[in-house]
Each structure stands twice: as C-alpha cells, then as structure tokens.
Amino acid sequence: NRHLYTDGVLNRGRVLDTTGKVLAAYDGGWTYNDDSSIRRATLHAVGDPSGAIGTGALTQFASKLTGYNPITGADTLLSDGRDLYLTIDADVCAEAYRALNGHKGTVGVYNYETGEIICMVSSPTYDPANPPEISEGDEEYDGVYINRLLSSRFAPGSTFKLITAAAAIENISDIN
C-alpha cells in the first residue's frame, strides 16, 4: 500500500495485528498503539525502535517498513513504506499479558491448522512508548530483551495433560 494516511498524516510503514489494529507506525520515528496494555503485550512481537529486541518486526523488517536501505544509506524506490500484518491478535495478547500478572514467562497460542501465531506474549516487558532506564543487574527487567516464546527454553508445563484428556475422552466410553 502506497501513501497510507491515518487522520491526515502520511505513514511510512506500519505494523498491524490480524484485525488491522495499528501496533506501530513510522513517520520520522516510531509511534505505538494508544493502549498501554497492547503496547506492553506486543513489545516482543513488534519490537523497539533501538533494535534491542532482535526478534521484533521493527528489527527484522525495518527496511521494508520504512523504505530506508541501511546498506546504501538511501530511501528505496518504495520509500513510502509498507504495511506489515502480523497474525497475532492484539486484544488476545493484552488479555494474556494481564493474566501473567507481572510474572516472568510467556504465553503462546497458535492455530494448529494454519500455523499462525495468535498470541505471543513475553514477560518481563515494558512500554515502548515510554521506555525505562534499565541498568545492568536490574531484577525487574531481567531478560526483558528476550522473546521467551521464540528464544528461550521452558518445560511445556501441563500441555501433555490436554493430549491425555483428549485421548481418554475419545477412547473411554463411560468417562464423564
């Protein structure tokens, strides 16, 4: 999409969720969604302007989003930027973020039929619209730049209980 306007302002690249909700937009600098919970919940999927979260869309697709080529130092022919739609649902991510209730961890939900990631939340997190000063050794932000769903190892928890329960329901006739 060329020359994308929102409220009369030209956007040079946007990151949107699966429903079309704008998570981040570029016009000389990155701005984020108005909802603080959505910003915090989608930080690791969207990324941060400094590039500290290497797995975020802003880092992985920066030149395509903004139209700027860091190798040549110039705008590309497509310098108006582009929209990047993620498969995540920002509202589902925000709800998962609230459910984590400040605990360190991750929540991932995907559509097993399509492989689309619906929810990808990693904690700890912060508000990219108002990034904190993070000092080395700060326990509150320990691991904040790591997307725990993509780049960390966790025991799968109780996921196998679901498989066992489904098998029992399918194979035991008198189960309640």
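As a reminder, the structure under discussion sits directly above these lines.
I will try to describe carefully the structure that is included in this document. (Residues numbered from 1 in each chain as written. Predicted model: local features only at pLDDT ≥ 70, side-chain atom pairs only at ≥ 80, totals over all residues. Heavy atoms only, no water.)

**Some thoughts on unusual backbone geometry**
Moving on, step 1. Between Ser123 and Pro124 the backbone carries a cis peptide bond, its omega angle lying at 20 degrees.
Moving on, step 2. Along the polypeptide, Pro124 turns up in the loop between β10 (117–123) and α6 (148–151).
Moving on, step 3. Not every positive phi belongs to a glycine, and Asn101 is a case in point at roughly 50 degrees.
Moving on, step 4. Along the chain, Asn101 falls in the loop between α5 (90–100) and β9 (105–110).
Moving on, step 5. Accessibility expressed as a relative area gives 59% for Asn101, which makes it exposed. (Helix = DSSP H or I, 4+ residues; strand = E, 2+ residues; numbered from the N terminus. Buried < 20%, exposed > 50% of the residue type's maximum accessible area, 1.4 Å probe, protein only.)

**Some thoughts on the pairing of β10**
Moving on, step 1. In terms of burial, β10 is a largely internal element, five of the seven residues being buried.
Moving on, step 2. In this structure, β9 lies alongside β10, joined through six bridges in antiparallel fashion. Bridge pairing links Val107 to Val121 in β10.
Moving on, step 3. The antiparallel hairpin formed by β9 and β10 contains six residues in its connecting segment, where Gly115 sits at a positive phi of about 85 degrees. (Pairing = 2+ DSSP bridges.)

**Section: the side chain of Asp48**
Moving on, step 1. Within the secondary structure layout, Asp48 lies in the loop between α2 (43–46) and α3 (57–60).
Moving on, step 2. No salt bridge is formed by the buried Asp48, whose closest oppositely charged neighbour, Arg39, lies at an N-O distance of 13 Å.
Moving on, step 3. In contact with Asp48, not counting residues within four places along its chain, are Tyr32, Leu43, Ile53, Leu58 and Tyr126. (Lys, Arg positive; Asp, Glu negative; His and termini not counted. Salt bridge = Lys/Arg side-chain N within 4 Å of Asp/Glu carboxyl O. Contact = heavy atoms within 4.5 Å.)

**Describing the sheet that holds strand β8 (residues 83–85)**
Moving on, step 1. Spatially, β5-β4-β3-β8 is the arrangement adopted by the four strands of the open sheet, whose pairing is mixed. With one partner strand each, in any of the chains shown, β5 (30–32) and β8 form the two edges of the open sheet. Neighbour to neighbour, the strand axes of the sheet diverge by 15 degrees on average, direction disregarded.
Moving on, step 2. Where strand β3 (residues 14–16) meets β8, three bridges bridge the pair, whose relative direction is parallel. Within the sheet, the bridge partner assigned to Val15 lies in β8 and is Leu84. (Axes fitted to C-alpha atoms, helices over the stretch in contact; angles between N-to-C directions.)

**Here we look at the nonpolar core**
Side chains that are nonpolar tend, in soluble globular proteins, to be buried together.
Moving on, step 1. Counting residues in hydrophobic clusters, the biggest one holds 24 residues, and the most contacted among them are Val15, Val46, Leu58 and Leu86.
Moving on, step 2. Those elements that place two or more of their residues in this core are β4 (22–26), β5, α1 (36–41), α2, α3, α5 and β10.
Moving on, step 3. Counting residues per element, this core draws most heavily on α5, which supplies five residues.
Moving on, step 4. Setting aside its immediate chain neighbours within four residues, Val46 contacts Val15, Leu23, Ala24, Tyr32, Gly56, Ala57, Leu58 and Leu86.
Moving on, step 5. The next biggest cluster of nonpolar side chains, apart from the first, holds five residues, and it includes Leu43, Tyr126, Tyr141 and Val144. (Core = buried A, V, L, I, M, F, W, Y, C linked by side-chain atoms within 4.5 Å.)

**Considering the pairing of β4**
Moving on, step 1. Among the five residues of β4, four are classified as buried, and the element is accordingly described as predominantly covered.
Moving on, step 2. In the sheet, β3 pairs with β4 via three bridges, with the strands oriented antiparallel. Looking at the pairing, Leu16 lines up with Val22 of β4.
Moving on, step 3. Between β3 and β4, which follow one another and run antiparallel, lie five residues, and Gly20 among them has a positive phi close to 95 degrees.
Moving on, step 4. Across three bridges, β4 lies against β5 in antiparallel orientation. Bridging across to β5, Ala24 finds its partner in Tyr32.
Moving on, step 5. From the end of β4 to the start of β5, which pair antiparallel, there are three residues, and Gly28 there has a positive phi angle of about 90 degrees.

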